[in-house]
Amino acid sequence: MKKTLLFSSLFVATGLSPVLAEDVDTGLSGSGEAGYSQTTGNTETESIYGALKLNYLQKAYELKGLVEGSNKSEDGDTTQERYLGDLQANLFFNSHPKAYGFGQVRAEQDRFAAIDLSTYYLAGLGYNFYKQKHLILQAEVGAGYQSIDYTSDSGEEDADQTIGKFYGNFEYALNDRVRFLQDLSIFSGGEQTLYETHTGLKVNLNGSLNLRLAYKYRYNDSPAGDKENEDTETVITLLYDF
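Before going into details, it helps to say that this report is about the structure given with it. (Residues numbered from 1 in each chain as written. Predicted model: local features only at pLDDT ≥ 70, side-chain atom pairs only at ≥ 80, totals over all residues. Heavy atoms only, no water.)

The secondary structure content of the protein amounts to one helix and twelve strands. The order of helices and strands in the protein, counted from the N terminus, is α-β-β-β-β-β-β-β-β-β-β-β-β. Considering only residue pairs separated by 6 or more positions, the protein has 52% of its internal contacts joining residues 24 or more positions apart. Total accessible area computed for the protein in this model is approximately 12900 Å², and 56% of it derives from carbon and sulfur atoms. (Helix = DSSP H or I, 4+ residues; strand = E, 2+ residues; numbered from the N terminus. Contact = heavy atoms within 4.5 Å. Areas by Shrake-Rupley, 256 points an atom, 1.4 Å probe, with all protein chains shown as cover.)

This is the structure we're talking about:
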């Protein structure tokens, strides 16, 4: 019911039909990547990392999807297991094509942080300050609801909270082959606040094939039980754009 009300209000509030710039390519695009991941914090290990991003752009709206995961087993025992899924719908404003309203559903599982499933349902506003080939600067603010189910061995009771969201994204092409990437996400509520930032370089190797180097930092101010506040992940992957 909460999800239905959230998305219904978003579509009513942003029932608009904008026009994108003529040089913006519409349709389906995305990327797939796989490679090496090294983590510190609640998990100290090296593992296989993979992710898939999809983007479907039209003049009135945009759909963005992300699935990523890290997993490793040693001698039959799992030493790392984290999965993330994210789906977001953006509806552009008619009089201000750079502005949009959004609805977002996000789900995360990280057993080594004692999270069996953490789900977010969010709505808000975003703005593309710059969206060009060599420079992207974007920000979002929103509010919603988070449900946190902890693993049975954590000793924690499941929690629900109303949350606020801030997201900022910055991309800059250093030259024709190298691109700097930086983003920051904050999900803050009465029970806990989660900070997550990604810093990286994307290096074009040949055509659609790229090398991505990234450092991810996550901070939870109220982790479960005796879990660590901080987690880091260093990622080296081959990435294919389509």
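There's more to say after this.
This next bit is on the nonpolar core. Residues L57, F92, Y100, F102, Y120, L122, I163, F187 and L194 constitute the largest nonpolar core, which totals nine residues. Of all the secondary structure elements, the ones that give two or more residues to this core are strand 5 (99-110) and strand 6 (115-131). (Core = buried A, V, L, I, M, F, W, Y, C linked by side-chain atoms within 4.5 Å. Buried < 20%, exposed > 50% of the residue type's maximum accessible area, 1.4 Å probe, protein only.)

Time to look at the side chain of D183. Relative to the elements of secondary structure, D183 occurs in strand 9 (residues 178-189). K53 provides the closest opposite charge to the buried, salt-bridge-free D183, at an N-O distance of 6.5 Å. With sequence-adjacent residues up to four places away left out, D183 is seen in contact with Y167, G168, N169, E196, T197 and H198. (Lys, Arg positive; Asp, Glu negative; His and termini not counted. Salt bridge = Lys/Arg side-chain N within 4 Å of Asp/Glu carboxyl O.)

What follows is about a nonpolar patch on the surface. The grouping of L28, L52, L54, Y56, Y61, L63, V67, L205, L209, L238, Y240 and F242 at the surface amounts to a nonpolar patch, some 1100 Å² of accessible area in total. Secondary structure elements with two or more residues in the nonpolar patch: strand 2 (45-57), strand 3 (61-74) and strand 12 (230-241). Summarising the element assignment, F242 is placed in the segment after strand 12. (Patch = residues over 30% accessible without salt bridge, like charges linked within 9 Å, V, L, I, M, F, W, Y side chains within 5 Å.)

What follows covers unusual backbone geometry. Residues other than glycine seldom take positive phi values, yet A114 does so here, at roughly 65°. Tracing the backbone through its elements, the reader meets A114 in the loop between strand 5 and strand 6. On the accessibility criterion, A114 (2% relative accessible area) is buried.

Everything listed here is a matter of coordinates, which is why it stays silent on function.
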